[in-house]
Amino acid sequence: MNCLYVYTKNTNIDNVTKYGMKLSEFADKFLFISGNEKAGITAFLSPKDSELYFDNDYTCLKILIDSINIYVYNKYCENSNYPDYFLTKYDNYHFGDYEEPMAFICSTILPENISVYNKIKDTPLIIQNSKDYFYEKSINDMLENDKFTKYELYQILLILGEQKRIFSVEQIENIKLYKDKINGKLYTKRSNF
């Protein structure tokens with residue numbers, strides 16, 4: 001992907017699109033990178049990664065990444081003892097590597113790299129939400145690498161469905177019947193009692 005997304009208050013839109021975003025003025029985060037503290041502008045890999053997506057007081061800006069110094073870090077692990085393990089240059093990042101990826105822009109963003117993101121008519125997004133994509137990719141990796149069998153996954157999902165009360169459960173001899181409360185579909189599981 002060649003774009004990142006930054007949210008700014010609606011009152012800043014005209015100045016930002018006309019003059020750009022100076023790092024000294026818009027830096028909102030400091031990270032230690034290779035032992036040195038760096039200032040940066042936080043950005044998102046997908047517009048829906050931010051809770052500001054539905055906030056009418058903010059506008060999403062689409063940032064073209066050409067000639068911009070960018071890192072990606074896992075916000076979930078930013079205060080851990082392994083900050084360098086969860087931080088990489090943007091060019092080295094693969095989508096789905098981090099559970100909660102955040103972009104960290106370490107340079108001024110020129111006005112020609114900024115446009116207002118249009119939720120309705122803009123370029124379609126390959127990844128709608130980075131966290132959901134991480135979970136999907138991780139699950140698929142575990143299945144493809146035979147970490148779990150389909151049988152084990154089926155059993156775990158039945159147990160989880162019972163705990164979440166998605167299924168009603170009935171015991172008939174040594175078989176448990178799981179009935180989906182919405183569509184009535186039945187699932188079976190052998191029981192040991």
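Along each chain, numbering runs from 1 in the same order as the chain's sequence is written. Reporting in this predicted model follows two pLDDT cut-offs: at least 70 for local features of residues, and 80 or more for side-chain atom pairs to be given and counted; totals over whole chains, interfaces and linings ignore these cut-offs and use all residues. Excluding hydrogens and water, the side-chain values take into account all heavy atoms of the structure.

K.L.:
Help me out: how do you make sense of the pattern of salt bridges in this one?
P.N.:
Where charged atoms from two side chains of opposite charge come close, those side chains can pair. The term salt bridge refers to a pairing of a side-chain nitrogen on Lys or Arg with a carboxyl oxygen on Asp or Glu at a separation within 4 Å. One pass over the full model with this rule turns up 4 salt bridges. Among the ionic pairs, Glu100 bridges to Lys131, the shortest N-O distance being 3.6 Å. One end of the pair, Glu100, is in the loop between strand S6 (87-89) and strand S7 (101-105); the other, Lys131, is in helix H3 (residues 130-144), with 31 residues separating them in the sequence. Counting from the N terminus, the helices are DSSP H or I runs at least four residues long and the strands are E runs at least two residues long.

K.L.:
Just checking my understanding: could you explain the pairing of strand S4 (residues 58-64) for this structure?
P.N.:
Two faces make up the sheet, and in a regular strand the side chains alternate between them. Summary of the burial criterion: residues with accessible area below 20% of their type's maximum are buried, those above 50% are exposed, and those between are partly exposed, where the area comes from a 1.4 Å probe applied to protein chains only. The buried count for S4 comes to 5 of 7 residues, which makes it a mostly enclosed element. Whether two strands pair depends on DSSP finding at least two bridges between them. As defined by bridge partners, strand S1 (residues 3-9) adjoins S4 across 7 bridges and the pair is classed as antiparallel. Pairing of Tyr5 across the sheet is with Lys62, part of S4. Both S4 and strand S8 (residues 114-116) contribute to a ladder of 3 bridges, which runs antiparallel. Paired with Lys62 across the two strands is Ser115, which belongs to S8.

K.L.:
How should I be thinking about the side chain of Ser50 in this particular structure?
P.N.:
When you line up the elements, Ser50 lands in the loop between strand S3 (36-43) and S4. For Ser50, a relative accessible area of 6% translates into the label buried. Here, residues are in contact when the closest pair of their heavy atoms is within 4.5 Å. Not counting residues up to four positions away in its chain, the partners in contact with Ser50 are Tyr7 and Phe44.

K.L.:
Honestly, the confidence of the model for the chain in this entry has me stumped. Any pointers?
P.N.:
Note: predicted coordinates in regions of low pLDDT should not be interpreted at a detailed level. Residue-level confidence of the predictor, termed pLDDT, takes values from 0 up to 100. Per-residue pLDDT for the chain averages 91, and the proportion of residues at 70 or more is 95%. Averaged over each element, pLDDT in the chain is lowest for strand S11 (residues 186-190) (87) and highest for S4 (97).

K.L.:
Sorry if this is basic, but what is going on with the sheet that holds S8 here?
P.N.:
Backbone-to-backbone hydrogen bonds pair the strands of a sheet. The strands run either parallel or antiparallel. Taken together, the 3 strands give an open sheet; going across it, the order is S1-S4-S8, and neighbouring strands pair in antiparallel fashion. Unpaired on one side and paired on the other, S1 and S8 mark the two borders of the sheet. Recorded for the sheet is a direction-independent mean angle of 35° between the axes of neighbouring strands. Lines are fitted to the C-alpha atoms to define the axes, a helix being fitted only along its stretch in contact, and any angle between axes, read from their N-to-C directions, falls within 0 to 180 degrees.

K.L.:
Sorry, what's going on with the environment of Tyr85 here?
P.N.:
Here Tyr85 lies in the loop between strand S5 (70-74) and S6. Residue class for Tyr85 comes out exposed when judged on its relative accessible area of 62%. Sequence-wise, Tyr85 and Ile65 are 20 residues apart; in three dimensions their C-alpha atoms are separated by 23 Å.

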